[in-house]
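Examination of the molecular architecture
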Amino acid sequence: MEDALGESFPEIRESVRRLCAQFPGEYWRELDRERAYPSQFVQALTKAGFLSVLIPEQYGGSGLGLSAATAVLEEIHRSGCNGGACHAQMYTMGTVLKHGSAAQKEIYLPKVASGELRLQAFGVTEPTAGTDTTRISTFARRDGDHYVVTGQKLWISRAEHSDLMVLLCRTTAREDAVRPAEGMSVLLVDLRHAVGNGLTIRPVRTMLNHATTELFFDDLKVPVENLVGEEGKGFRYILDGMNAERILIASECIGDGRFFVDRASAYASQREVFGRPIGQNQGVQFPIARAHVQVAAASLMVDKAAAMFDAGEPCGTEANMAKMLASEASWFAADAAIQTHGGFGFAEDYDIERKFRETRLYQVAPISTNLILSHVGTHVLGMPKSF
């Protein structure tokens, strides 16, 4: 599955590059100015089958593993595009594929694979809970053949551009659960019918064009058959999606890092100041070289985490470490690219400033660096819990 350069899934990567070439910087800059959703780009990815790589062939997908999905997203980002508009359709598969009922898979997955339905929204985070997921308070009360949902979610991307949402909510209050992580359930919410019938979506303007929203649930009715798995076991189910999310976003960071290194090294070789290419100066050359080394090392951790996920091995620690290393490598590379380009790095036409803003997000989301360090310190190194 590797080519002469050691790249995994070379045919997939080349296909993604060709597709992304149809969506150059001008396309993304215009969307960025208007805060518009890249519908054409998402449709092209869907038509090419890249968003259904994790869906089994029996449901119309490619039936490939997470490692293939990481190759797709890495190349999207290395090409200067952005997978944030659609990457959730990949990582939400971890929850639906592993824990959804046979009926749910038959109903939804073929339509998701074909593009008839979009599964782009992942409703977990809340304003008062943050990354302490066990403290979410959005509640689903059983009422006959429906759940009635009340509560609020924040930082939910793509809700306005999705047909379905994987929603984590409480079905047992935290104080009544045996353990804090119990009493949470996963519901598949049909957003086409929910909006205006108990669900309100409010856009949240941020420093990057990420279709971010806040959700308000006011007695939203969700059919009982939309419960994923068993009631009260949702936190464990959502972890499958979270591990996939962290690995896939780490691959996006690898792509970002390589984008910055590619652009910086090319510019440093061509730009002349004081009669010589600026890349001839060690002060310019060495940070770019260091960025390349850091991205290459982080890429190996992403590969390991994806391979463990595909093998069905526990990979929470590896997923966290991959996300941390990749996000830090991409941020270092972004800074090196800005510094190399000087004033031109802040000009829209070079696409550096846009990608600089986009990759900064992953120091914070989908999990903060400090929480990753706490996980490693406690669960790997056996030190006392820091909070």
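Below you will find a few notes about this structure. (Residues numbered from 1 in each chain as written. Predicted model: local features only at pLDDT ≥ 70, side-chain atom pairs only at ≥ 80, totals over all residues. Heavy atoms only, no water.)

A word on the overall build of the chain
Secondary structure assignment for the chain yields 13 helices and 10 strands. The C-alpha atoms of the chain give a radius of gyration of 21 Å, which matches the 21 Å a tight globule of 387 residues would have. Within the chain, the proportion of its 387 residues that are buried is 53%. In the chain, once contacts between residues fewer than 6 apart in sequence are set aside, the share between residues at least 24 apart is 72%. (Helix = DSSP H or I, 4+ residues; strand = E, 2+ residues; numbered from the N terminus. Rg over C-alpha atoms; globule rule 2.2 N^0.38 Å. Buried < 20%, exposed > 50% of the residue type's maximum accessible area, 1.4 Å probe, protein only. Contact = heavy atoms within 4.5 Å.)

Let's talk about the environment of Gly198
As for its position among the elements, Gly198 is in the loop between helix 8 (191-194) and strand 6 (199-203). Sequence separation between Gly198 and Pro366 is 168 residues, and the spatial gap between their C-alpha atoms is 27 Å. Sequence-distant contacts of Gly198, defined by excluding residues within four places in its chain, comprise Phe216, Phe217, Asp218 and Leu220.

Brief notes about the packing of helix 11 (residues 316-341) against helix 12 (residues 352-360)
Packed helix pairs are specified by the crossing angle of their axes together with the interaxial distance, meaning the distance between the axes. Following both chains from N to C, one finds helix 11 and helix 12 inclined at 160°, their axes separated by 10 Å at the closest point. The angle between helix 11 and helix 12 falls in the class roughly antiparallel. Classified by chirality, the crossing of helix 12 by helix 11 is left-handed. Taking contact as the criterion, the partners of Ser330, Trp331, Ala334, Asp335, Ala337, Ile338 and His341 in helix 11 are, on helix 12, Ile352, Phe356, Thr359 and Arg360. (Axes fitted to C-alpha atoms, helices over the stretch in contact; angles between N-to-C directions. Parallel < 35°, antiparallel > 145°, perpendicular 65-115°, else oblique. Left-handed = near helix turned anticlockwise from the far one by under 90°.)

Re the nonpolar core
Phe41, Ile76, Met90 and Ile247 are the most contacted members of the largest nonpolar core, which totals 77 residues. Ranked by residue count, the leading element in this core is helix 9 (residues 234-270), at 11 residues. Not counting residues within four places of it along the chain, the set of residues in contact with Met90 comprises Phe50, Leu51, Val53, Leu54, Ala69, Val72, Leu73 and Leu248. Ala140, Tyr147, Val149 and Leu167 belong to the second largest nonpolar core, which has 21 residues in total. (Core = buried A, V, L, I, M, F, W, Y, C linked by side-chain atoms within 4.5 Å.)

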